[in-house]
Amino acid sequence: MKEKIIGETIIEVDSVSKTFDRRIKALRDVSLKVKQKEVVVIIGPSGSGKSTLLRCLNGLEETERGSIIIDDTPLDEHHKNRLKIRTEVGMVFQNFNLFPHMTVRDNIRTGPRFVRKEAIDEVDIRTEDLLEKVGITDKIDSFPRQLSGGQQQRVAIARALAMNPLIMLFDEPTSALDPEMVGEVLEVMKTLAHEGMTMVVVTHEMGFAREVGDRIIFMDEGKIVEESSVEDFFENPEKERTKLFLSKILDNGGCE
Amino acid sequence: MTTGQKKKFKLIDLILITLIIALIIYVLYRIRVSIRYEWSWDIIPKYLFRFDDDRGRFVASTITHGFIMTIKLSIWGIILGTLIGVIMGILRVQNGLFGRFLGRIYVDIIRNIPPIVLVFIFYFFFSSQILDNLGFEEAVLRAGPAMQNFVRIIFIDPKLLNEFLSAALSIAIYEGAYITEIVRAGIESIPKGQWEAGHSIGLSRFAQFRHIILPQAFKNVMPPLSGQFISTIKDSAIVSVISVPELSFQGMQVMASTYATFETWIVITILYFVLTFSCSSIFSRLLKKMQSAD
Ligand SMILES: Nc1ncnc2c1ncn2[C@@H]1O[C@H](COP(=O)(O)OP(=O)(O)OP(=O)(O)O)[C@@H](O)[C@H]1O
Ligand SMILES: [Mg+2]
């Protein structure tokens, strides 16, 4: 495996807070930097704010305090900036969220066609390339419900990649899958990581974290409790809270 | 039916049929014996079709005119009601506060007043204040015979245009409130994740709606919407109170001049039934086709 060269800071989160329904503090003063080509893995117990943090990064949730800058563009109230960030940040959801009324091909080309207004034959070539990349060439005209969970998630990855994003966010991409399908999705994600995609991944797949993760972030109660390199994290975690959590998920074999 | 079971004629079916037949016999007996009703079916046909000496052929008569008028009113009510309902339904799921509020108020008001009141308000306010001042009717009456004929075909005799328009509009506004709720429910039944997936590939809010939500909501909306269309046909009878010559109104006219109460209403009932039943079988066939299309 060739060493990748980590680049400049591309995501800059500065003291971001988020409260739901006036009292649920999902994020408390979270700060985080991610560099180009870095793979950051976020772990933490349920309700600790992992999804909320990810969703703030592409504007799916509004933040109430702090700032987010992505690729030198601030995620502020300017529509242009928000749109730019949305198109530069791809997101993969826990339950795929494929468009059920569209074929695999249409799922993938909807973004390029209607956002980037690309010519259809150009998009079609890329669609086929992307499907080859995620290993589903024979299902291009199938509908999502005709695919297995693992295949659906791989199509969802291809759909996000079709916009040529700079950053990919993954929110527990394998936790809705049957165990035998987890591997095929992780394989695709590993390939992406090796190719130098900047990735922020919420997952409890510790094997994945060890193999391609550069940094691990442990969250609890809306805060980043511990942040360290992958080696340090597993060899000598600093905080008691982290140790406890680690022992739990490692006992469970790394599954949710 | 997809159940592989064969339908069997059970004892309960026999009991039900016996009861129904007994009831019919009893009613007929009462009509015959107690009120000594003289059936005179022979007077009905001339209210359906009459022979026109001038033209030398049979032409539509009172009841048939009413039947056609009910169809026209229903078509206009459905078209306009759907238009209103779709716009209001979309407003109701918007982020904009004013749109939401407007949609909400509209639905609440319409659903909480009796439709007959709505028809009267519309007739006296809309027809006498707005339509009259706009001079629609006069304009058509002054226009050439081609225009008048056109109006006669798609609406009604130009002399009754104001009545027709306020009738069609009050039906549309009434049905529109229910269609608004159908559209709203159809849109809200699409999981939030669909909007979010559209958002994350960069689609604008409108594009998310147009390409992702709407096609899925459309399928959900069709069955209840076709039910509402059938209701529109039935509900259109209410505009008889402002003398629009639709089926029920014509029924009352025939009854008043012939006293053939039972015959008239039996015919009217059959005609409504023919209309709604054929529409609902067309709709259910279309829905089936839509479902098997994918
Ligand atoms: N839309 C919402 N409305 C209200 N509360 C919310 C909403 N989304 C999240 N929350 C709350 O915010 C907190 C953080 O939620 P979040 O989904 O970010 O946690 P998580 O770490 O992703 O958990 P999990 O591992 O279960 O996915 C939780 O208490 C959750 O109940
Ligand atoms: Mg989550």
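Overview of the structure. This structure is a prediction, so every number in the text was calculated from the model and none was measured. (Residues numbered from 1 in each chain as written. Chains lettered and ligands numbered in written order. Predicted model: local features only at pLDDT ≥ 70, side-chain atom pairs only at ≥ 80, totals over all residues. Heavy atoms only, no water.)

All names here are of chain A. Pairing within the open sheet is mixed, and its six strands lie in the order 6-7-8-3-9-10. Edge strands, defined here as strands with exactly one partner in the open sheet, are strand 6 (89–92) and strand 10 (223–229). Shown here is a sheet whose adjacent strand axes are inclined to one another by a mean of 15 degrees, direction ignored. Of the strands in this sheet, strand 3 (39–43), strand 6, strand 7 (167–171), strand 8 (198–202) and strand 9 (215–220) are in contact with helix 1 (residues 50–57), which crosses strand 7 at around 150 degrees. (Pairing = 2+ DSSP bridges. Helix = DSSP H or I, 4+ residues; strand = E, 2+ residues; numbered from the N terminus. Axes fitted to C-alpha atoms, helices over the stretch in contact; angles between N-to-C directions. Contact = heavy atoms within 4.5 Å.)

A few words now on helix 4 (residues 97–111) of chain B. Think of an α-helix as turning once every 3.6 residues; residues three or four places apart then point the same way. Spanning 15 residues, helix 4 of chain B covers 21 Å between terminal C-alpha atoms, matching the ideal 21 Å at 1.5 Å per step. Buried-residue contacts for helix 4 of chain B involve helix 3 (62–92), helix 5 (115–134) and helix 8 (161–188) of chain B. (Expected span 1.5 Å × (residues − 1).)

Our focus in this paragraph is a negative patch on the surface. A cluster of acidic side chains, namely A:Glu231, A:Asp232, A:Glu235 and A:Glu238, defines a negative patch on the protein surface. Since its relative accessible area comes to 40%, A:Asp232 is described here as partly exposed. (Patch = residues over 30% accessible without salt bridge, like charges linked within 9 Å, V, L, I, M, F, W, Y side chains within 5 Å. Areas by Shrake-Rupley, 256 points an atom, 1.4 Å probe, with all protein chains shown as cover. Salt bridge = Lys/Arg side-chain N within 4 Å of Asp/Glu carboxyl O. Lys, Arg positive; Asp, Glu negative; His and termini not counted. Charge placed at Lys NZ, Arg CZ, Asp CG, Glu CD. Buried < 20%, exposed > 50% of the residue type's maximum accessible area, 1.4 Å probe, protein only.)

On to the interface of chain A and chain B. Taken together, the contact pairs 23 residues of chain A with 18 residues of chain B. Where chain A abuts chain B, roughly 1700 Å² becomes buried across the two surfaces, and 62% of that area is made up of carbon and sulfur atoms. Among the residues of chain A in contact with chain B, A:Arg86, A:Phe99 and A:His101 are the three that bury the most area, contributing 33% of the side total. Run the count over chain A and chain B and you get one salt bridge. The partner of B:Glu196 in a salt bridge is A:Arg55, and the shortest N-O contact between them spans 2.8 Å. For the pair chain A and chain B, the interface holds nine residue pairs in polar contact (both at pLDDT 80 or more). Going through the elements one at a time, helix 2 (79–88), strand 6 and helix 3 (104–114) of chain A are the ones with two or more residues in the side of chain A that touches chain B. (Buried area = accessible area lost by both parts, 1.4 Å probe. Polar contact = N/O pair within 3.5 Å; in protein donor to acceptor, adjacent residues only side chain to side chain.)

A word on a nonpolar patch on the surface. Taken together, the side chains of B:Phe9, B:Leu11, B:Ile12, B:Leu14, B:Ile15, B:Leu16, B:Ile17, B:Leu19, B:Ile21 and B:Ile25 define a hydrophobic patch exposed on the protein surface, amounting to about 1000 Å² of accessible area. Following the sequence through the fold, B:Ile15 ends up in helix 1 (residues 11–33).

Another aspect to go through is the environment of B:Ile21. Note on placement: B:Ile21 falls in helix 1. Between the C-alpha atoms of B:Ile21 and B:Asn112, which are 91 residues apart in sequence, the distance is 40 Å.

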